[in-house]
Amino acid sequence: MKQVDLVIIGGGSAGMAAAIQAYDEGIRDILILEKDARLGGILNQCIHNGFGLTEFKEELSGPEYLQRFVDQVKERGIKFKLQSFVLNITKDKVITYSNAEEGVVEIQAKAIVMATGCYERSAGAIQIPGDRPKGVITAGTAQKYLNINGYLVGKRVVILGSGDIGLIMARRMTLEGAKVLCVCELMPYSNGLQRNIAQCLNDFNIPLYLSHSISKIVGKEKLEKVVVSQVDEKFQFIPGTEMEFECDTLMLSIGLIPYVSLLNNIDCPTSSTRGAIVYDNMETMIDGIFACGNCLHVHDVVDFVTIEGRNAGHGAAQYIKEKEEHGSLKIEVDPNLAYVVPQFVRTPVKEDLTLKFRVRKEIRDKKVVVRHKDEVVFSQVKLVMIPSEMVILTIKKEKLQDITEPLKVSVEDR
Amino acid sequence: MKKFDVLIIGSGAVGAFVARNLSKYQLDVALLDKENDVGNMTSMANSAIVHSGYDPVPGTNKAKFNVLGNKMFDKIADELDVEFERIGSLTVAIYENQLPMLEDLAKRSEQNGVEVKLLNAEEVKKLEPNINPEVKGALLAPTAGIINPFNLVVHAVENAVDNGVNLFLNEEVVSIETKENGYVVRTRKGNEYEAKVVVNAAGLYSDKIAELVEPVDWKITPRKGQYYVLDHYKLGLVNHVIFPLPSEKGKGILVSRTTSDDYIVGPSSEPVEDPSDLSTDSMTLANVKNQAKDMVPGIPFNQAIRAFSGNRATCTRHDFVIESAPHHETFINLGGIESPGLVSSPAIGEYVVESMIRNMLPLKEKANYNPRVRPYYHLKKMKLEERNQLIKENRDFGEMVCFCEQVSLGEVKDALSRSVPPRSVKAMKKRVRAGFGKCQGGFCQPRILEELAKHYGLDWTEVNYDEENTNILKENVKELK
Ligand SMILES: Cc1cc2nc3c(=O)[nH]c(=O)nc-3n(C[C@H](O)[C@H](O)[C@H](O)COP(=O)(O)OP(=O)(O)OC[C@H]3O[C@@H](n4cnc5c(N)ncnc54)[C@H](O)[C@@H]3O)c2cc1C
Ligand SMILES: Cc1cc2nc3c(=O)[nH]c(=O)nc-3n(C[C@H](O)[C@H](O)[C@H](O)COP(=O)(O)OP(=O)(O)OC[C@H]3O[C@@H](n4cnc5c(N)ncnc54)[C@H](O)[C@@H]3O)c2cc1C
């Protein structure tokens, strides 16, 4: 069996950043396996701009952003295989992939970085009441048809879910001549970035109905109309609030889910994000297997995916060079937080610790506090935190030198 | 006008097996369906259980054909290359007062000639670690199995067509004229087909089709069944088909693995006016969830990837109607084929041909009849070397197009090269499973659409999701207008 030091599964933003970082730390024997015909992942279809503000202090389109990393991969001569789909991995880090040229190939890696991205929650997953006609499509698939293939899926569109892809597609389809009738969102707040609400909905007079959902899909073969109803605090439809929209497309932007089938098959422990549970170096609970990007937790800004990818590449490079024994402590969160990544920090702490989390609902004018026992190791005032925007904070390593107990992250009054 | 010896209306499981049995003989046979694919109604939306036959009332058609059909499945699955596993069923008693009912069922099984075994609570828990720990006992029926229902019908029709049967899709029968030695069948598109013998296998519409010839004393009163499908997250949630005790409303809500290692939970049972109403509703599904949890408390419903429903052709006679029309011997009605209709279909097909049509037409065997379909490719079951040999011969088998279900381009093209090729994205999904997984086609649909367009020489905007005129794409925005 062929041996490779580092195999990276998925050649999107996360995977490329991990590969470049590991290379720059001296790892030469790297292989990126990518199932699509090009590197870059989901950014290939994100032709709008807004990428790179943190990374390059510039507003780039998705393809422009990804090309800078493709160039870096190529400059370094990092090997990658396209249209090569990973079928399986084992705990011992044997990777099985398939492509047309080589067939099904098994390789042995010293370390693996999982960077497989995410998939869209579908209509089936939320069991929207009513018929199941053609015309119900996820926003990302509609985006691919439009931006990659050049086809519009419909002309009268209702969007369920206010995730960013849905918002971006509301604008994109309007510009292509479709009529977007409304966006409805189950929660009392939007799941998209504020700037997308302003630039994609408000600028085009597209109404956003918060606390509303689809109470019925009508149309046996082809979508004919949807019924939108308001929901109460328990998300039950309120009778008498129904609005009917005749439409040919119901576009769903109801959430992204980390794509982790390969990890599930090897019983890798996962968290409430559905991604793997990781240490601060992005190593999963399975020795030598790392994870980063949208397959770990869904990001809204690609720049942070890139940073996380580097972190995983750094972790994998260190692991390959010299595997260190370490202890670990859990990072606990209070109920205001939906999750935190990483879930464990290795001890003794040798590097600054970056924590990423999302709040469950909008929180105003509070502070985020991290404690070790009773000692405050980090504290920062936050004027607003909303579920759609990931919070990132970094704790200096000096503060974490003698930790012996779990760290606790909480939201407190100022 | 096209002339046939036998014309079959409906390409569900029942029509498919009638056609396949007829294809052994030197006859001109037509198989008509109103849909854009074979088996596109009840035969694709059911529990897909090859029931053992322990519960139908002894002496009924249901009991007879279920037991006969079950015995045929090893051979059928082999000849038609369909995934089939005899995983056995467990009918569980959760409450003390249900135990006598289990014993009654055991007696009924004996009358039906079905092998069963009564198990105590400990034995059940050993077989099914995730069962409700309150379980009091169960009836094990080892001959029950699970089948891939989509492939069962497609492959049966493919085999029939390979042996000479003529398939006509998108042909809805709207009227039937009785002539001296046969019938003239007219379709909505205005086509006419003449046949000496007509077999009505129109499922939910079998009463309507029967009435086109003469009144009958039975009627279809459809009952809907709603389900959840859970992703193949982990094996071992349940190892058998788990049934509650049956009631007059049906077999109740079951939990089972499917042949593709998903889990299926359902069906509900409620009357529905319109046989084509396949909508689902939240209240019924919530109910399905609760009842299933009563048997298997830990079902991970957050792994649900789809809800769907199918309608049972429940008949006022409460049994399968398998008989000639009252005054037209050569017009054969197969009505009310509700559950256990799928498992019974091979036995019904054989009976209709060998015990009914044999008395109407001379049946001369074809010399070149082949009961087997051209073998399908089962990449996942192949050894590495075998698989690589295949890819060497045809590189398309190395290129994956559906990631959730791991389907290769080779399998997609193979489906298109067969005698009952898929004409829509959904028909492809039924054949190769592309789009059946957790992303529900989000990733692979554009690729599948591309292959269909290429194969049929269509523009992308002409490729249908399912029926005619269900094109997924509205317009090409790059084209100059
Ligand atoms: C529609 C949309 C709009 C967005 N808009 C913005 C924005 O305006 N600004 C911003 O900053 N960020 C935006 N983002 C966020 C950002 O683009 C993503 O979070 C980021 O690109 C994710 O990178 P990734 O590498 O984790 O995943 P991906 O880009 O999805 O890459 C994963 C790669 O893994 C491959 N893969 C998966 N499984 C396998 C396997 N088994 N074998 C081989 N390869 C495999 C996939 O083909 C894919 O190329 C947007 C995201 C989306 C989806
Ligand atoms: C919820 C549910 C669960 C079930 N579970 C099981 C199970 O686990 N095991 C089991 O053995 N059975 C089960 N069944 C029963 C089984 O699915 C049916 O008995 C079987 O599929 C019936 O096949 P069919 O060919 O009679 O009907 P169908 O599959 O409905 O086929 C009838 C065909 O006739 C066509 N047609 C109708 N009208 C016309 C017309 N005018 N012109 C042309 N074509 C026409 C239709 O398009 C259709 O394709 C279940 C059924 C349901 C609803």
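Residues numbered from 1 in each chain as written. Chains lettered and ligands numbered in written order. Predicted model: local features only at pLDDT ≥ 70, side-chain atom pairs only at ≥ 80, totals over all residues. Heavy atoms only, no water.

Peer 1: Let's hear about the overall build of chain A: which residues, and what values?
Peer 2: Per the secondary structure count, chain A includes 8 helices and 28 strands. Expected size for 414 residues packed as a compact globule is a radius of gyration near 22 Å; at 22 Å, chain A falls within 12% of this value. In terms of its C-alpha atoms, chain A occupies a principal-axis envelope of roughly 65 × 60 × 40 Å. Out of the 414 residues in chain A, the part that is buried amounts to 58%. Taking contacts inside chain A between residues at least 6 apart in sequence as the whole, the part at least 24 apart equals 63%. Put simply, chain A shows about 16700 Å² of open surface, and 48% of that area lies on carbon and sulfur atoms. Measuring between centres, the 50 positive side-chain charges of chain A sit 2 Å from its 54 negative side-chain charges. (Helix = DSSP H or I, 4+ residues; strand = E, 2+ residues; numbered from the N terminus. Rg over C-alpha atoms; globule rule 2.2 N^0.38 Å. Buried < 20%, exposed > 50% of the residue type's maximum accessible area, 1.4 Å probe, protein only. Contact = heavy atoms within 4.5 Å. Areas by Shrake-Rupley, 256 points an atom, 1.4 Å probe, with all protein chains shown as cover. Lys, Arg positive; Asp, Glu negative; His and termini not counted. Charge placed at Lys NZ, Arg CZ, Asp CG, Glu CD.)

Peer 1: I'd like a description of the site of ligand 2, backed by residues and values.
Peer 2: Residue and element names in this part refer to chain B. Around ligand 2 lies a shell of 37 residues, among which D33, S43, I49, I337 and V343 are the nearest. Between ligand 2 and S43, the relevant distance is 2.5 Å, taken from an oxygen atom to a side-chain nitrogen or oxygen of the residue. The contact in question runs from an oxygen atom of ligand 2 to an N or O atom on the side chain of H51, over 3.2 Å. Alone, ligand 2 offers 990 Å² of accessible surface; in the complex the protein occludes 98% of this. Only helix 1 (13-22), strand 18 (304-312) and helix 8 (341-356) provide two or more residues apiece to the shell around ligand 2. Classifying every residue of the shell around ligand 2 by side-chain character gives 17 nonpolar, 13 polar and 7 charged. Each of two domains, domain 1 (1-83 + 146-219 + 316-375) and domain 2 (84-145 + 220-312), supplies a minimum of three residues to the shell around ligand 2. (Near = heavy atom within 4 Å. Polar contact = N/O pair within 3.5 Å; in protein donor to acceptor, adjacent residues only side chain to side chain. Nonpolar A, V, L, I, M, F, W, Y, C, P; charged D, E, K, R; others polar. Domains from an automatic or database assignment.)

Peer 1: If you had to explain the interface of chain B and chain A to someone new, which residues and values would you point to?
Peer 2: Often, the extent of an interface is quoted as the loss of accessible area upon association of its parts. Each side of the interface is counted separately: chain B has 55 residues, and chain A has 48 residues. Carbon and sulfur atoms make up 53% of the area that chain B and chain A hide from each other, which totals about 4500 Å². Remark: the boundary between chain B and chain A carries 4 salt bridges. Of the charged contacts in the structure, one is a salt bridge between K220(A) and D274(B), with a shortest N-O distance of 2.4 Å. At the boundary of chain B and chain A, one finds 21 residue pairs in polar contact (both at pLDDT 80 or more). Contributions of two or more residues to the side of chain B that touches chain A are made by helix 7 (282-295), strand 18, helix 9 (384-393), helix 12 (445-456) and strand 23 (475-476) of chain B. With 6 residues, the top contributor of residues to the side of chain B that touches chain A is strand 18 of chain B. Sheet topology places strand 11 (residues 151-152) of chain A next to strand 23 of chain B; 2 bridges connect them, and they run antiparallel. When the sheet's bridge partners are listed, Y151(A) is paired in strand 23 of chain B with N476(B). (Buried area = accessible area lost by both parts, 1.4 Å probe. Salt bridge = Lys/Arg side-chain N within 4 Å of Asp/Glu carboxyl O. Pairing = 2+ DSSP bridges.)

Peer 1: Give a description of the packing of helix 2 (residues 61-80) of chain B against helix 5 (residues 149-162) of chain B that names residues and reports values.
Peer 2: Residue and element names in this part refer to chain B. One can describe the packing of helix 2 onto helix 5 by two numbers: an axis separation of 10 Å at closest approach and a directional angle of 70 degrees. The orientation of helix 2 with respect to helix 5, classified from their angle, is roughly perpendicular. When the axes of helix 2 and helix 5 are compared, the crossing they make is left-handed. Along its contact with helix 2, which presents F73, I76 and L80, the element helix 5 presents L152, H155, A156 and N159. Class assignment for the residues of the contact of helix 2 with helix 5 results in 5 nonpolar, 2 polar and no charged. (Axes fitted to C-alpha atoms, helices over the stretch in contact; angles between N-to-C directions. Parallel < 35°, antiparallel > 145°, perpendicular 65-115°, else oblique. Left-handed = near helix turned anticlockwise from the far one by under 90°.)

Peer 1: Tell me about the pairing of strand 2 (residues 30-33) of chain A, and please be specific about residues and values.
Peer 2: Residues and elements named next belong to chain A. Residues I30 and I32 point to one face of strand 2 and L31 and L33 to the other, with burial holding for every one of them. Of the strand pairs in this sheet, strand 1 (residues 2-9) and strand 2 are connected by 4 bridges, and their pairing is parallel. When the bridges of strand 2 are listed, I8 appears paired with I32. Handedness of the crossover is the feature at issue here: the chain leaves strand 1, passes through helix 1 (residues 13-24), returns alongside strand 2, and the resulting connection is right-handed. (Right-handed = clockwise from strand over helix to strand, strands pointing away.)

Peer 1: Before we move on, could you go through unusual backbone geometry and cite the residues and values that matter?
Peer 2: The omega angle of the peptide bond from V341(A) to P342(A) is 0 degrees, so this bond is cis rather than trans. Within the secondary structure, P342(A) sits in the loop between strand 22 (337-341) and strand 23 (344-347). Residue S339(B) is joined to P340(B) through a cis peptide bond whose omega torsion reads 5 degrees. As for its placement among the helices and strands, P340(B) is situated in the loop between strand 20 (328-335) and helix 8.

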